[in-house]
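Letter by letter, the chains look like this.
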Amino acid sequence: MAILLFFFVGGIISVLGGFFGVGGGFILTPILLLTGFSPLVAITTSLFFTIGTSISGIFAHYRLKNIMWKEGMILGLSGVAATQLAHPVVLFFENRGWDDVIIPAFYALLLGYFAISMMRRGKKASIQAKKTYSKPSIVKLLFIGFFGGFVSTLLGVGGGFIMVPLSISFLGLEPRKAVGTSLFAVLSIVSVGFISYALTVSFDYRVGLLLIAGGLVGSQFGAKLTVYFQNYEISQMLSVLYVATFLSVILKLLNLSEIGLGLISLFVAIFFIFAFMKIHHKRKEGSMAN
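Residues numbered from 1 in each chain as written. Predicted model: local features only at pLDDT ≥ 70, side-chain atom pairs only at ≥ 80, totals over all residues. Heavy atoms only, no water.

## Some remarks on the overall build of the chain
Right, so step 1: The helix and strand tally for the chain stands at 11 helices and 0 strands.
Right, so step 2: Each helix and strand of the chain, ordered N terminal to C terminal, gives the series α-α-α-α-α-α-α-α-α-α-α.
Right, so step 3: Counting every position in the chain, which comprises 290 residues, the buried fraction comes to 55%.
Right, so step 4: The long-range fraction of contacts in the chain, counting pairs at least 24 apart against all pairs at least 6 apart in sequence, stands at 84%. (Helix = DSSP H or I, 4+ residues; strand = E, 2+ residues; numbered from the N terminus. Buried < 20%, exposed > 50% of the residue type's maximum accessible area, 1.4 Å probe, protein only. Contact = heavy atoms within 4.5 Å.)

## Concerning the pattern of salt bridges
Right, so step 1: For the coordinates displayed, the defined rule picks out 2 salt bridges.
Right, so step 2: With a shortest N-O distance of 3.1 Å, Asp-204 and Arg-206 are connected by a salt bridge.
Right, so step 3: For Lys-278, the salt bridge goes to Glu-233, with nearest N and O atoms at 3.1 Å. Of this pair, Lys-278 sits in helix α11 (residues 257-289) while Glu-233 sits in helix α10 (residues 231-253), and the two are 45 residues apart along the sequence. By the burial criterion, Lys-278 is buried, and Glu-233 matches it. (Salt bridge = Lys/Arg side-chain N within 4 Å of Asp/Glu carboxyl O.)

## Brief notes about the packing of aromatic side chains
Right, so step 1: Scanning the entire structure with this criterion turns up 15 aromatic pairs.
Right, so step 2: Measuring from ring centre to ring centre gives 5.5 Å for Phe-48 and Tyr-205, while their planes differ by 80 degrees; the resulting arrangement is edge-to-face. Here the residue Phe-48 occupies a position in helix α3 (residues 39-63), and Tyr-205 occupies one in helix α9 (residues 205-225), the gap between them amounting to 157 residues.
Right, so step 3: According to the relative accessible area criterion, Phe-48 is buried, its value standing at 13%.
Right, so step 4: The class of Tyr-205 is partly exposed, set by a relative accessible area of 43%.
Right, so step 5: Centre to centre, the rings of Phe-267 and Phe-271 are 6.3 Å apart; their planes meet at 25 degrees, and the pair counts as stacked. Residue Phe-267 and its partner Phe-271 are both found in helix α11; the two are separated by 4 residues, about one turn of the helix.
Right, so step 6: The buried category is assigned to Phe-271, whose relative accessible area is 2%.
Right, so step 7: In this structure an aromatic cluster arises from ring pairing among Phe-19, Phe-229, Phe-267, Phe-271, Phe-272 and Phe-274.
Right, so step 8: Here the guanidinium or amino end of Lys-278 rests over the ring plane of Phe-229, the centre of that ring lying 5.5 Å away. (Phe/Tyr/Trp six-rings, centres within 6.5 Å; stacked < 30°, edge-to-face > 60°. Lys NZ or Arg CZ within 6 Å of the ring centre and 35° of its normal.)

## Digging into a nonpolar patch on the surface
Right, so step 1: There is a patch of nonpolar side chains on the surface, built from Ile-273, Phe-274, Phe-276 and Met-277 and spanning about 430 Å² of accessible area.
Right, so step 2: Its location among the elements puts Phe-274 in helix α11. (Patch = residues over 30% accessible without salt bridge, like charges linked within 9 Å, V, L, I, M, F, W, Y side chains within 5 Å. Areas by Shrake-Rupley, 256 points an atom, 1.4 Å probe, with all protein chains shown as cover.)

## Notes on the side chain of Thr-44
Right, so step 1: Structurally, Thr-44 can be placed in helix α3.
Right, so step 2: The class of Thr-44 is buried, set by a relative accessible area of 0%.
Right, so step 3: Not counting residues within four places of it along the chain, the set of residues in contact with Thr-44 comprises Phe-194, Tyr-197, Ala-198, Val-201 and Phe-203.

## Notes on the environment of Val-186
Right, so step 1: Checked against the element boundaries, Val-186 lands in helix α8 (residues 175-198).
Right, so step 2: Linking Val-186 and Gly-72, residues 114 residues apart in sequence, is a C-alpha distance of 8.6 Å.

## As for the environment of Leu-85
Right, so step 1: Here Leu-85 is to be found in helix α4 (residues 69-95).
Right, so step 2: Sequence separation between Leu-85 and Leu-154 is 69 residues, and the spatial gap between their C-alpha atoms is 9.2 Å.

## Looking at unusual backbone geometry
Right, so step 1: Notably, Lys-65 is not glycine yet its phi reads approximately 60 degrees, a positive angle.
Right, so step 2: Position of Lys-65 among the secondary structure elements: in the loop between α3 and α4.
Right, so step 3: Under the relative-accessibility criterion, Lys-65 is labelled exposed at 66%.
Right, so step 4: Of note in the backbone geometry, Asn-255 takes a positive phi value of approximately 60 degrees without being a glycine.
Right, so step 5: Mapping Asn-255 onto the fold places it in the loop between α10 and α11.

## Overview of helix α2 (residues 25-34)
Right, so step 1: Taking burial as the measure, the 10 residues of α2 include 10 buried ones, the bulk of the element.
Right, so step 2: After α2 finishes, the residue Gly-36 shows a positive phi value of roughly 105 degrees.

## As for the side chain of Asn-66
Right, so step 1: Note that Asn-66 resides in the loop between α3 and α4.
Right, so step 2: Residue Asn-66 is classed as buried on the basis of its relative accessible area of 7%.
Right, so step 3: When neighbours within four sequence positions are excluded, Asn-66 is seen to be in contact with His-61, Arg-176, Lys-177, Gly-180 and Thr-181.

Take a look at the structure:
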């Protein structure tokens, strides 16, 4: 019975992943760490999960025309190259017993930075949304993809939680385009990253498959939710998600895992309440217009 909870968890995380374009891995990894998984098993399971949800999310965003294929290909290829450098680094940390501290600490540092970055961006998004976006620089795309791929393999995340805010801040992409393009790039990155771990790390495929099964439903719903929100709202909510996840990782390091899980659960509850309110309001406006 307890293992079936992973189906529910996969669905919830994938709604958030499909909505924010982050693949869900950056939410799942800290949850697995908080529930007692070792860092390497948590990373491998998270990458496996992200493969399934990324495929589902890509189809949803393709229908919404949110994917910039050329830019996504460049991000993905540079990210794949970076995965080959990151895997030996993780094994180095594990062999010395540093993985339980260094990986969560680095995770928390990145989450804190992106939380602040997205908060600042959210305040400007409503104004900048009216501007015409220029063609993204190839050099910037290569850098963002490489950095996202390295961190993806290092932390067991899709890399989207890095590529989305960087694509918004440094490439000038609107949030919806950044979300869809990021998911496309993430698929190739996590596939290569997972293979590199699966060859040396044993993990429970049942858990991974149940997470993916729930995720296949959730990511479709999450992508469709974006049409009910303004771009600046997506940016602001993503920043709040970063803050909640950042605090949960800090609590993990302080041996307060239960409080960390409670914090993430609170964000999820507020998110779904807000989403329900937006859908209800939008439909009410539509019925009045008719």
